[in-house]
Amino acid sequence: MTAVRPISKTPDGVAIQPRNMNFELQKCLASDWADNDPFLTAVFNAMSMSFPSGERNFIDSVRHYQDRITDEKLLNDVKGFYKQEGIHSREHRNYNKILCEQRGYDYDDLESVFLRRIEMGNNDPRITPRVILASTVSVEHFTASFGESLLEGRILKNIDGPIGELWQWHALEELEHKSVAFDVYNQIGGSYKMRASMMRFVIFFLFKDFFSVAVKMLRHDKQLWKWKTFKSFSKFLFSKDGFIRAHIPAYKAFFQEDFHPSEIDNQSLLKSWQEKLQPAVAVA
């Protein structure tokens, strides 16, 4: 009798373990916590503003197809994915509330950029549940690649205290569940063509929305038109160790028709950070 090959490609040694974290962020978020750089701080804070609504949308996109998942291991992966993303959403909602209180930002105005993007998709008859899942697959690949860079210290040089732990924890869990949405998409017969098309769409609008919100923050802080801000922007995107060069290999890999996220081996990095963050963890 031939054994049934599991759909889940998450390695057996990688546990999708929800961690019930809690962070004291009041002191951190009042300052330019990211390398004492207003631009970098605004970019990360803008990303945080996207997470509560975005991660609810990711959960919903996978849950829509849950009854079609036949692989027991993948079902367990999905449950871990739900819990991890749910806690991410909760902690970033708290982060965003404190951020806006500390710095005087308009919470509703900033979050509306991301809520409108989701609403546009939900109201467009061309955007089917399968398309939404393909967009989740694309964003999950982006966040896993970004998380790897962050944990390797390629994006931020000085990230300590509660704010550092929050971003490191989030990055770690993005790497742990990086294959889940991809495996569900494969389970329902999602096509390469749709996956590749959605990645191009997602990358454009992610950057557009992140930078739109970052600009609102920088304008409020009177940092938008400063030379230091422009230099930081250029360095972040275009330097030798900048965002674009750091992420080109992962981006190009995604467009290989037979690509799977598990091909990018992060297990040693995961193990290192699991041990580093363990003292602050309460398992959910």
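Residues numbered from 1 in each chain as written. Predicted model: local features only at pLDDT ≥ 70, side-chain atom pairs only at ≥ 80, totals over all residues. Heavy atoms only, no water.

### A closer look at the overall build of the chain
Within the chain, the secondary structure is distributed over 11 helices and zero strands. Along the chain direction, N to C, the helices and strands of the chain fall in the order α-α-α-α-α-α-α-α-α-α-α. Here the C-alpha atoms of the chain give a radius of gyration of 19 Å, agreeing with the 19 Å that 2.2 N^0.38 yields for 284 residues. Counting only C-alpha atoms, the chain reaches 70 × 45 × 35 Å along its principal axes. Sequence separation of at least 24 residues holds for 86% of the intrachain contacts in the chain that already meet a minimum separation of 6. Split by element, the accessible area of the chain, about 14,000 Å² in all, is 54% carbon and sulfur. (Helix = DSSP H or I, 4+ residues; strand = E, 2+ residues; numbered from the N terminus. Rg over C-alpha atoms; globule rule 2.2 N^0.38 Å. Contact = heavy atoms within 4.5 Å. Areas by Shrake-Rupley, 256 points an atom, 1.4 Å probe, with all protein chains shown as cover.)

### Remarks on the nonpolar core
In this structure, W33, Y95 and W167 are the most contacted members of the largest nonpolar core, which totals 89 residues. Of all the elements, helix α8 (residues 192-220) adds the most residues to this core, at 13 residues. Those residues within four positions of W33 in sequence are excluded, and the remaining contacts are C28, T41, F44, N45, Y95, L156, N158, I159, I163 and W167. (Core = buried A, V, L, I, M, F, W, Y, C linked by side-chain atoms within 4.5 Å. Buried < 20%, exposed > 50% of the residue type's maximum accessible area, 1.4 Å probe, protein only.)

### A look at the side chain of S135
Looking at where S135 falls in the secondary structure, it is placed in helix α5 (residues 129-151). Polar side-chain contacts of S135 include one of 2.6 Å to the backbone oxygen of I132. Once you skip the residues sitting within four places of it in the chain, S135 turns out to touch M198 and V202. (Polar contact = N/O pair within 3.5 Å; in protein donor to acceptor, adjacent residues only side chain to side chain.)

### A short note on the packing of helix α4 (residues 107-123) against α8
One way to put it is that α4 packs onto α8 with a least axis distance of 9 Å and a crossing angle of 165°. In terms of their interaxial angle, α4 and α8 are classed as roughly antiparallel. In the crossing of α4 with α8, the sense of the turn from one axis to the other is right-handed. Residues D109, L110, V113, F114 and R117 of α4 pack against F205, K208, D209, F210, S212, V213, K216 and M217 of α8. Residue classes in the contact of α4 with α8 are distributed as seven nonpolar, one polar and five charged. (Axes fitted to C-alpha atoms, helices over the stretch in contact; angles between N-to-C directions. Parallel < 35°, antiparallel > 145°, perpendicular 65-115°, else oblique. Left-handed = near helix turned anticlockwise from the far one by under 90°. Nonpolar A, V, L, I, M, F, W, Y, C, P; charged D, E, K, R; others polar.)

### As for helix α11 (residues 267-277)
Buried within α11 are the following residues: L269, L270, W273 and L277. Down the axis of α11, the sector holding all buried residues measures 100°, keeping them to one side. Counted as exposed and oriented over 90 degrees from the buried face of α11: S268, K271 and E275. Those residues of α11 hidden inside the fold are in contact with α5 and α6 (161-176). (Arc of directions from axis to C-beta.)

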